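Observations on chain architecture
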Amino acid sequence: LYDYLEKNPLCLEEKESIARGIIEGIVHLHNHMIIHRDLKSQNILLDADFRPRITDFGTAYFGFVEIPRKFKYFKGSMPWLAPESLRSNTYSSAS
């Protein structure tokens, strides 16, 4: 997605379609107790039908975190971290 956006401006309908697909992907992951923790345009691929696919699960957490947990080591990409993670060094399912 990142490379595509660098070279191709999108109309509002295309942006909405991609955003909707990413949201559906996140809902699917959360329904399977997976927290991605590094969601950004570089980790979204577009398939032949222009549907987004979430990739790069290297920093993912498998299993929901209901109580905020402290992390010892930074995971993910700084510009895309949930604000509460930056403030408190914690993450949860809500992050």
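In what follows, the accompanying structure is described.

**Some remarks on the overall build of the chain**
The helix and strand inventory of the chain stands at 3 helices and 6 strands. Taken from the N to the C terminus, the helices and strands of the chain come in the order α-α-β-β-β-β-β-α-β. Out of the 95 residues belonging to the chain, those deemed buried represent 32%. Residue pairs in contact within the chain that sit at least 24 positions apart in sequence constitute 49% of those at least 6 positions apart. About 6700 Å² of surface is accessible on the chain, with carbon and sulfur atoms providing 57% of the total.

**Points about the side chain of H36**
Within the fold, H36 resides in the loop between β1 (34-35) and β2 (44-46). A distance of 3.0 Å separates a polar atom in the side chain of H36 from the backbone nitrogen of D38. Among all residues touching H36, those that are not within four sequence positions of it are N43, I54, T55, D56, F57, T59 and A60.

**Some points on unusual backbone geometry**
Here the phi dihedral of M33 falls at roughly 60 degrees; this positive angle occurs in a residue that is not glycine. Topologically, M33 is positioned in the loop between α2 (12-31) and β1. Its relative accessible area of 44% is what places M33 among the partly exposed residues. Positioned with a positive phi, R37 is a non-glycine residue whose angle comes to about 70 degrees.

**Description of the environment of H30**
Tracing the sequence through the fold places H30 in helix α2. Here the alpha-carbon distance between H30 and F62, two residues 32 residues apart in the chain, equals 9.4 Å.

**Digging into the packing of aromatic side chains**
According to the stated counting rule, one finds 1 aromatic pair in the structure shown. Relative to F50, the ring of Y4 has its centre 5.3 Å away and its plane inclined at 75 degrees; by these criteria the two rings are edge-to-face. With Y4 in helix α1 (residues 2-7) and F50 in the loop between β2 and β3 (52-54), the pair connects residues that are 46 residues apart, well separated along the chain. With relative accessibility at 26%, the residue F50 sits in the partly exposed group.

**Considerations on the nonpolar core**
In this structure, L1, L10, I18, I22, L29, I34, I44, I54 and A60 together form the largest nonpolar core, which totals 9 residues. Per element, the largest residue contribution to this core is 3 residues, and it comes from α2. When near neighbours in sequence (up to four residues on either side) are disregarded, A60 contacts I34, I35, H36 and R37.

What counts and what doesn't
- Residues numbered from 1 in each chain as written.
- Predicted model: local features only at pLDDT ≥ 70, side-chain atom pairs only at ≥ 80, totals over all residues.
- Heavy atoms only, no water.
- Helix = DSSP H or I, 4+ residues; strand = E, 2+ residues; numbered from the N terminus.
- Buried < 20%, exposed > 50% of the residue type's maximum accessible area, 1.4 Å probe, protein only.
- Contact = heavy atoms within 4.5 Å.
- Areas by Shrake-Rupley, 256 points an atom, 1.4 Å probe, with all protein chains shown as cover.
- Polar contact = N/O pair within 3.5 Å; in protein donor to acceptor, adjacent residues only side chain to side chain.
- Phe/Tyr/Trp six-rings, centres within 6.5 Å; stacked < 30°, edge-to-face > 60°.
- Core = buried A, V, L, I, M, F, W, Y, C linked by side-chain atoms within 4.5 Å.

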